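Observations on the three-dimensional arrangement
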Amino acid sequence: IMKVVHDLKAGFKFRIGRGHISLWYDTWVDEVPLCTQEDYVNIMDTHLIVEDIYDNGIWRWNRLATIIPNELHNQIESFTIYSLEDDLIIWGENSSRNYSSKSS
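Residues numbered from 1 in each chain as written. Predicted model: local features only at pLDDT ≥ 70, side-chain atom pairs only at ≥ 80, totals over all residues. Heavy atoms only, no water.

Observations concerning the environment of valine 29
By secondary structure assignment, the location of valine 29 is in the loop between strand S1 (12–15) and helix H2 (50–53). The exposure class assigned to valine 29 is buried, which follows from its relative accessible area of 15%. Through-space distance from the C-alpha of valine 29 to that of isoleucine 16 is 9.5 Å; in sequence the pair is 13 residues apart. In this structure, valine 29 is in contact with Leu34, Gln75, Ile76 and Phe79, ignoring residues within four places of it in sequence. (Helix = DSSP H or I, 4+ residues; strand = E, 2+ residues; numbered from the N terminus. Buried < 20%, exposed > 50% of the residue type's maximum accessible area, 1.4 Å probe, protein only. Contact = heavy atoms within 4.5 Å.)

Structural notes on unusual backbone geometry
Not every positive phi belongs to a glycine, and asparagine 56 is a case in point at roughly 50°. Following the sequence through the fold, asparagine 56 ends up in the loop between strand S2 (54–55) and strand S3 (58–59).

Describing the side chain of threonine 66
Of note, threonine 66 is situated in the loop between S3 and helix H3 (70–77). A distance of 2.8 Å separates the side chain of threonine 66 from the backbone nitrogen of asparagine 42, its partner in a polar contact. Within polar-contact distance, the side chain of threonine 66 engages the side chain of aspartate 45 at 2.6 Å. Apart from the residues lying within four places of it in its own chain, the contact partners of threonine 66 are Trp24, Glu38, Tyr40, Val41, Asn42 and Asp45. (Polar contact = N/O pair within 3.5 Å; in protein donor to acceptor, adjacent residues only side chain to side chain.)

Things to note about the confidence of the model for the protein chain
Residues of the protein chain with pLDDT of at least 70 account for 66%, and the chain-wide mean is 79. Ranking the elements of the protein chain by mean pLDDT puts helix H1 (residues 5–11) last, at 65, and H2 first, at 92. (pLDDT = per-residue confidence, 0-100.)

Structural notes on the environment of arginine 18
Secondary-structure assignment places arginine 18 in the loop between S1 and H2. A C-alpha to C-alpha distance of 5.6 Å links arginine 18 and aspartate 86, two positions 68 residues apart in sequence.

Overview of the packing of aromatic side chains
A full pass over the atoms with the stated rule returns 4 aromatic pairs. Taken together, a centroid distance of 6.3 Å and an interplanar angle of 20° make the contact between tryptophan 28 and tryptophan 59 stacked. Placement of the pair is tryptophan 28 in the loop between S1 and H2 and tryptophan 59 in strand S3, with a sequence separation of 31 residues. We note that tryptophan 28, like tryptophan 59, is buried. (Phe/Tyr/Trp six-rings, centres within 6.5 Å; stacked < 30°, edge-to-face > 60°.)

Quick notes on the nonpolar core
In this structure, Leu23, Trp28, Leu34, Val50, Trp59, Leu64 and Ile76 are the most contacted members of the largest nonpolar core, which totals 20 residues. Elements that contribute at least two residues to this core include exactly H2 and H3. In contact with leucine 34, not counting residues within four places along its chain, are Leu23, Trp24, Asp26, Trp28, Val29, Leu72 and Ile76. (Core = buried A, V, L, I, M, F, W, Y, C linked by side-chain atoms within 4.5 Å.)

Details of H3
Regarding H3, the residues found buried are Leu72, His73 and Ile76. Buried residues of H3 fall within an arc of 105° about the axis and therefore sit on the same side. Turned more than 90 degrees off the buried face of H3, the exposed positions are Asn70 and Glu71. Buried residues in H3 make contact with S3. (Arc of directions from axis to C-beta.)

Spelled out as structure tokens, the structure:
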């Protein structure tokens, strides 16, 4: 397992539900945290979770002190949120959400 842990780790993704994960420091939109895609994260925003800026299907960008580039803004808005469910870590885009050696 230790030989393939890096490959396995890359296959797991967040499925955002209620949004109780870090907006900036968890890996949920892309393969790296948002903080690594931004030149500067305002200190007032470092504690934010997804739920703080996503409310009933609407992104509340005015709640951020950090200015997000348009490309990143669009990438976040295109991400699917399952707001009536819990946040989960799932196996990639596999519809069953189960790991399979065929899907790696």
